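Coordinate analysis (summary)
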Amino acid sequence: ATSGAILKYLSSGAIKGVGAATAAKIVEMFGEQTLDIIEQEPERLCAIKGITASKAEKIHDEFQRVFGIKELMLYLKQYHITPEESIRIWKAFGNRAKEEIEHDPYCLCQESIGIDFVRADAIAEQFNTPQDDSFRLQSGILYILSHNINNGHTCLPTDKLIKVACSLLDVSQELLVTTLQQMKERKMVSYDIFGEREYIFTNRMYDAETYCAQRLMMLLQYPAQSIVGAEGYIQDLEEKYNIQYADKQKKAICQALEKGILILTGGPGTGKTTTLNAIIQILEFEGEKVLLGAPTGRAAKRMTELTGCEAKTIHRLLQVEWNEQERPTFSKNERNLLECDALILDELSMVDVTLFEGVLRALPLGCRLILVGDSDQLPSVGAGNVLGNLIDTNLLPVVQLNEIFRQSMESLIVTNAHKIVNGDRKSGSAGMPR
């Protein structure tokens, strides 16, 4: 309110483009009217030496921004919206924020802001928004789909979605069916039919699954160059290490060399690592650059120990960055491809569909892709069942190792794991003393 306080405020650099010297000149000329002049009559700032019309306008705009955020924070505080959330709302709507929220409180649910439907619904109640408001119904449907993504589902059957939405929104089924049809027509959601049953996706999930499917078909159509003489390489490795590969291990090695893509699966102790080591050695002997990745740091470290080659997390391979919404984005993509001739991913059962999409976007054309995992392990935390779905297509080369090797049979963990998968309740016992 006082000239001294205004000078102190402006000198602090709170308004971009106004330093201590400029602040002193402005306050000296306008005194306690300074902030009113900046807000309402910025052209008068041009009377000060060094301030052009363009600079005066920029000072005015920056002042509006800073004070607009402050006023918005004070306004939104009554709805228990934090300062950080207020800034995201300002970035989304600017000076229109208050009007946008009062017109449609559910606009707060958009991804860039991140306020969930339940909180937005509570705010809408204070505005006396009717239960059958179209914005409410649309946001509720999107909220259910997003909630189920967090539970691992890429989509929901339409009938189940409508049933859950009826319970959440407390409106009629007919009204929700109409709303969903309008959302489909406006491309607010995506849908597909499987086995005569319609499923609803968020656009993000549908795009991810569609891209993965199309990219995999391209890998099949334009495979990596085939490496001939696999049987000779296998014989050389058997003599070198004095080992005997099982038939399915040999098949996996041959498929990896001859095909552009391979899924290698099997339970613990079935020789996946031994097979993988053979594939890596042959590929490197052929002069191919091989990259190894796994979904977690622990899995990558274990892969490094077992293969003797450096493995990285998939996020590190793709050079993860974080956007303004604190969501991961990858520097490696279609415009900045991975530099490799072969990519081997382990523990694929833990990879969700959006991470797998990121891998495929960064994969060079003609690159060999070898996917390793155990389909009987727990699925990914994120949405999708990538490994299981890929195996179920029956379109991709799959080798499933199911023979437990002698050294692994000595492990009760390994043998009991296989008994559980096979439905055998009579597990072994370590015979531990009491």
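Structural data are supplied above this passage.
Here is a short report on the structure shown in this document.

On to empty space enclosed by the protein. All told, the structure shown has one cavity of 30 Å³ or more when counted by the stated rule. Taken as a whole, the largest cavity encloses approximately 30 Å³ of empty space. In terms of lining residues, the largest cavity is bounded by L145, N148, I149, H153, T154, C155, L156 and T202. Of all elements in the fold, only helix 8 (134-150) and strand 1 (155-157) reach the threshold of two or more residues within the lining of the largest cavity. By residue number, the principal contributor to the lining of the largest cavity is helix 8, which donates three residues.

The first and last C-alpha atoms of helix 10 (residues 173-185) sit 18 Å apart over 13 residues, in line with the 18 Å expected at 1.5 Å per residue. Among the residues making up helix 10, those that are buried are L176, T179, L180, M183 and K184. Down the axis of helix 10, the buried set is contained in an arc of 140°. They therefore lie on one face. Exposed and oriented more than 90 degrees from the buried face of helix 10 are E174 and E185. Here the buried face of helix 10 lies against helix 8, helix 9 (158-169), strand 2 (190-194) and strand 3 (197-201). Positive backbone phi, approximately 60°, marks K187, located one or two places after helix 10.

Positionally, I59 belongs in helix 4 (residues 53-77). Once the C-alpha coordinates of I59 and L45 are considered, the two residues, 14 residues apart in sequence, prove to be 9.3 Å apart. Beyond its immediate chain neighbours, meaning those up to four positions away, I59 contacts I15, V18, I38 and L45.

Strand pairing within a sheet occurs via backbone hydrogen bonds; the two strands may be parallel or antiparallel. Taken in spatial order, the six strands line up as 6-5-9-10-4-11 in an open sheet, and their pairing is parallel. If you trace the sheet from one side to the other, it starts and ends with strand 6 (311-313) and strand 11 (398-401), each paired once. Recorded for the sheet is a direction-independent mean angle of 20° between the axes of neighbouring strands.

Reading across the sheet, the three strands line up as 1-3-2 and stay open at both edges, with antiparallel pairing between neighbours. A strand with exactly one partner marks an edge of an open sheet, and here the two such strands are strand 1 and strand 2. Taking the axes of each pair of neighbouring strands and ignoring which way they run, one obtains an average angle of 30° across the sheet. Pairing analysis gives three bridges linking strand 1 to strand 3, with the strands arranged antiparallel.

Once that is clear, we can look at the layout of surface pockets. As a volume, the largest pocket reaches approximately 1700 Å³. In this structure, the largest pocket is lined by 47 residues; those nearest its centre are E111, I149, R204, M205 and R327. With nine residues, helix 8 is the largest single contributor of residues to the lining of the largest pocket. Partitioned by chemical class, the residues of the lining of the largest pocket number 19 nonpolar, 18 polar and 10 charged.

So, on to helix 15 (residues 297-307). Looking only at helix 15, the buried set comprises A299, A300, M303 and T307. End-on view of helix 15: buried residues confined to an arc of 100°, all on one side of the axis. Turned more than 90 degrees away from the buried face of helix 15 sit R298, K301 and E305, all of them exposed. Just past helix 15, the residue G308 takes up positive phi, approximately 80°.

Interhelical geometry of helix 14 (residues 272-285) versus helix 15 gives an angle of 70° and a closest axis separation of 10 Å. With respect to helix 15, the element helix 14 is oriented roughly perpendicular. In this structure, helix 14 crosses over helix 15, and the sense of that crossing is right-handed. Residues T273, L276, N277 and I280 of helix 14 touch helix 15, and the partners they reach there are M303, L306 and T307. Residues of the contact of helix 14 with helix 15, tallied by class, amount to four nonpolar, three polar and no charged.

What follows deals with the pattern of salt bridges. Across all of its chains, the model carries 12 salt bridges by this definition. One salt bridge in this structure joins E100 and R96, with 3.4 Å as the shortest N-O distance. A relative accessible area of 46% places R96 in the partly exposed class. Taking the shortest distance from any N to any O, the salt bridge between R361 and E357 comes out at 2.9 Å. Of this pair, R361 and E357 both sit in helix 17 (residues 353-361), four residues apart, roughly one helical turn. Linked through salt bridges whose partners overlap, the residues forming this network are R204, E334, E357 and R361.

Our focus in this paragraph is the state of the cysteines. Counted according to the given criterion, the structure contains zero disulfides. C155 supplies the cysteine sulfur nearest to C212, a cysteine that is in no disulfide, at a spacing of 14 Å. Among the cysteines around C340, which has no disulfide bond, C367 carries the closest sulfur, lying 3.7 Å off.

Turning to the nonpolar core, a few remarks are in order. If you look at the biggest cluster of nonpolar residues, it comprises 38 residues, and the most contacted ones within it are L343, F356, L360 and L390. Within the residue set of this core, elements represented by two or more residues are strand 3, helix 11 (203-221), strand 4 (261-266), helix 16 (314-317), strand 9 (342-345), helix 17, strand 10 (368-373) and helix 18 (386-392). When residues of this core are assigned to their parent elements, the largest contribution, six residues, is made by helix 11.

Calculation rules
- Residue indices follow the written sequence of each chain, beginning from 1 at its first position.
- It should be noted that, the model being predicted, local features are given only for residues of pLDDT at least 70 and side-chain atom pairs only at 80 or more, the latter also being counted only at that level, while totals for whole chains, interfaces and linings use all residues.
- Hydrogens are left out, water is left out, and the side-chain values use all remaining heavy atoms of the structure.
- A cavity here means a set of 1 Å grid points, computed over protein atoms only, where a 1.4 Å probe fits but cannot escape. A pocket is an open set with protein on both sides within 12 Å along at least 5 of 7 lines, and lining residues have an atom within 4 Å of a point.
- Grid points are joined across faces, edges and corners, and a volume is the space filled by probe spheres set on the points.
- Only DSSP runs of H or I reaching four residues or more are called helices, and only runs of E reaching two or more are called strands; each is numbered from the N terminus.
- Under the convention used throughout, the expected extent of a helix is 1.5 Å for every residue step, that is, one less than its residue count.
- Any residue under 20% of the maximum accessible area for its type is buried, any over 50% is exposed, and the rest in between are partly exposed; the area is computed with a 1.4 Å probe on protein chains only.
- The arc in question is the one traced by the directions running from the helix axis out to the C-beta atoms.
- The contact definition used throughout considers only heavy atoms, calling two residues in contact when any of these lie within 4.5 Å.
- Two strands are said to pair when DSSP picks up at least two bridges between them.
- In this description, a line fitted to the C-alpha atoms serves as the axis of each element, helices being fitted only across the stretch in contact, and the angle between N-to-C directions of two axes falls anywhere from 0 to 180 degrees.
- Classes in brief: Ala, Val, Leu, Ile, Met, Phe, Trp, Tyr, Cys and Pro nonpolar; Asp, Glu, Lys and Arg charged; the others, Gly included, polar.
- Working definition: roughly parallel below 35 degrees, roughly antiparallel above 145 degrees, roughly perpendicular at 65 to 115 degrees, and oblique for all remaining angles.
- Take the far helix as the reference: if the near one is turned anticlockwise from it by less than a right angle, the crossing is left-handed, and if turned clockwise, right-handed.
- Throughout this description, the term salt bridge denotes a Lys or Arg side-chain nitrogen within 4 Å of a carboxyl oxygen of Asp or Glu.
- Note that a disulfide, as used here, is simply two cysteine sulfur atoms within 2.5 Å.
- In plain words, nonpolar cores are sets of buried Ala, Val, Leu, Ile, Met, Phe, Trp, Tyr and Cys residues tied together by side-chain atoms within 4.5 Å.

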